[in-house]
Amino acid sequence: MEAALIGKARLRLHQASASLARLETLAAGINVPAFEYEWFITITLINSAYAIFEKAASLSPQSKQWFCSVDKHTIRKDPLLRYVLHARNMEYHNFGGATAAEVGGAKYLGYDEGSALSVADIETGEVLQTFSGGIMLEGDVSSFSFKFRLADVIDHGDIYEPPTSHLGAPLSDNAPVAVARRAIEYHNALIDEGLVKFG
């Protein structure tokens, strides 16, 4: 496998890990736009590493056959890896967001015409608070506790639910940060495996 491509794939995963660290910090806050942006950057970098490694593996018939088998039987079938792949597609093509934010008994509605955010009661739909750039404009910030979660992904008409398992084992945590971390770990391990097999 070409060293330059392997190095570039590793760099993308290193960058994804740095973005993941920022995502983890944001997960404890209330800045929904910043969280969604960092999520987009993280999964884009993961999928960039995937595409670069695919290119590296395609340069010899043996490694290409191996990667195609892994792609078909693991990456495209594993709930977590498949979810991250299609979440990136949906986010990249502006079909909607793969993350959602809940605030106590409320949920994040999204951007309104003034580029602000609204939080509405899940039961009644009543708007509780308005945000701008992730900053609470009214009310007591301390009374709100954000919980970020993954939402269903729709990519080319197919629906991908948030993963509940990975590589045959149930997930104890399928929040965005945990899912992105598992994806980064998998792709790093896949590169390691490819290097052992094909150099």
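Residues numbered from 1 in each chain as written. Predicted model: local features only at pLDDT ≥ 70, side-chain atom pairs only at ≥ 80, totals over all residues. Heavy atoms only, no water.

### Let's talk about the confidence of the model for the chain
Averaged over the chain, the pLDDT score is 83; the fraction of residues at 70 or greater is 74%. This model gives residues 111-115 a pLDDT under 50, and the stretch forms five contacts once residues within four places in sequence are excluded. (pLDDT = per-residue confidence, 0-100. Contact = heavy atoms within 4.5 Å.)

### Details of empty space enclosed by the protein
In the structure shown here, the tally under the stated rule is two cavities of 30 Å³ or more. Of the voids in this model, the largest cavity is the one considered here, and its volume is about 50 Å³. Residue lining of the largest cavity: Ile46, Asn47, Tyr50, Ile75, Leu81, Val84, Leu85, Ala183 and His187, and that is the complete set. Mapped onto the lining of the largest cavity, the elements with two or more residues apiece are helix 2 (32-57), helix 4 (79-92) and helix 5 (176-198). Looking at the lining of the largest cavity residue by residue, the class counts come to seven nonpolar, two polar and no charged. In this structure, the second largest cavity occupies an estimated 30 Å³ of space. Lining the second largest cavity, in full, are Ala49, Tyr50, Phe53, His187, Leu190 and Ile191. For the lining of the second largest cavity, the secondary structure elements donating two or more residues are helix 2 and helix 5. Residue composition of the lining of the second largest cavity, by class: five nonpolar, one polar and no charged. (1 Å grid on protein atoms, 1.4 Å probe; cavity = no way out; pocket = protein on both sides within 12 Å on 5 of 7 lines; lining within 4 Å. Points joined across faces, edges and corners; volume = space filled by probe spheres on them. Helix = DSSP H or I, 4+ residues; strand = E, 2+ residues; numbered from the N terminus. Nonpolar A, V, L, I, M, F, W, Y, C, P; charged D, E, K, R; others polar.)

### As for the pattern of salt bridges
Under the counting rule described, the total for this entry stands at four salt bridges. Aspartate 192 serves as the salt-bridge partner of arginine 10, at 2.3 Å between the closest nitrogen and oxygen. Within this pair, whereas arginine 10 is found in helix 1 (residues 3-26), its partner aspartate 192 is found in helix 5, the two being separated by 182 residues in sequence. Taking the relative accessible area as the measure of exposure, arginine 10 reaches 27% and is therefore partly exposed. Overall, aspartate 192 belongs to the partly exposed group, its relative accessible area being 39%. Linking arginine 22 and glutamate 38 is a salt bridge whose minimum nitrogen-to-oxygen distance equals 3.1 Å. (Salt bridge = Lys/Arg side-chain N within 4 Å of Asp/Glu carboxyl O. Buried < 20%, exposed > 50% of the residue type's maximum accessible area, 1.4 Å probe, protein only.)

### Some words on unusual backbone geometry
We note that histidine 156 has phi near 55°; this positive angle belongs to a residue other than glycine. Locating histidine 156 in the fold gives a position in the loop between strand 7 (153-155) and strand 8 (158-160). Residue classification places histidine 156 among the exposed positions, given a relative accessible area of 68%. Despite not being glycine, leucine 167 shows a phi value in the positive range, around 55°. Tracing the backbone through its elements, the reader meets leucine 167 in the loop between strand 9 (165-166) and strand 10 (169-170).

### Quick look at the side chain of arginine 12
The residue arginine 12 is located in helix 1 in this model. No salt bridge is formed by the buried arginine 12; the nearest opposite charge belongs to glutamate 38, separated by 13 Å. There is a polar contact of 3.3 Å between the side chain of arginine 12 and the side chain of serine 48. (Lys, Arg positive; Asp, Glu negative; His and termini not counted. Polar contact = N/O pair within 3.5 Å; in protein donor to acceptor, adjacent residues only side chain to side chain.)

### Regarding the packing of aromatic side chains
All told, the structure shown has five aromatic pairs when counted by the stated rule. Judged by centre distance (3.8 Å) and plane angle (15°), the ring pair of phenylalanine 35 and phenylalanine 148 falls under stacked. One end of the pair, phenylalanine 35, is in helix 2; the other, phenylalanine 148, is in strand 6 (residues 146-150), and 113 residues separate them in sequence. Taking relative accessible area as the criterion, phenylalanine 148 reaches 7% and is therefore assigned buried. Here the aromatic rings of tryptophan 66 and phenylalanine 198 are separated by 5.6 Å at their centres, their planes lie at 55°, and the arrangement is tilted. Of this pair, tryptophan 66 sits in helix 3 (residues 61-75) while phenylalanine 198 sits in helix 5; the two residues are 132 residues apart in sequence, bridging distant segments of the chain. According to the relative accessible area criterion, tryptophan 66 is buried, its value standing at 12%. Taking relative accessible area as the criterion, phenylalanine 198 reaches 30% and is therefore assigned partly exposed. An aromatic cluster of at least three residues, connected via ring pairs, comprises Tyr50, Phe53, Trp66, Phe67 and Phe198. (Phe/Tyr/Trp six-rings, centres within 6.5 Å; stacked < 30°, edge-to-face > 60°.)

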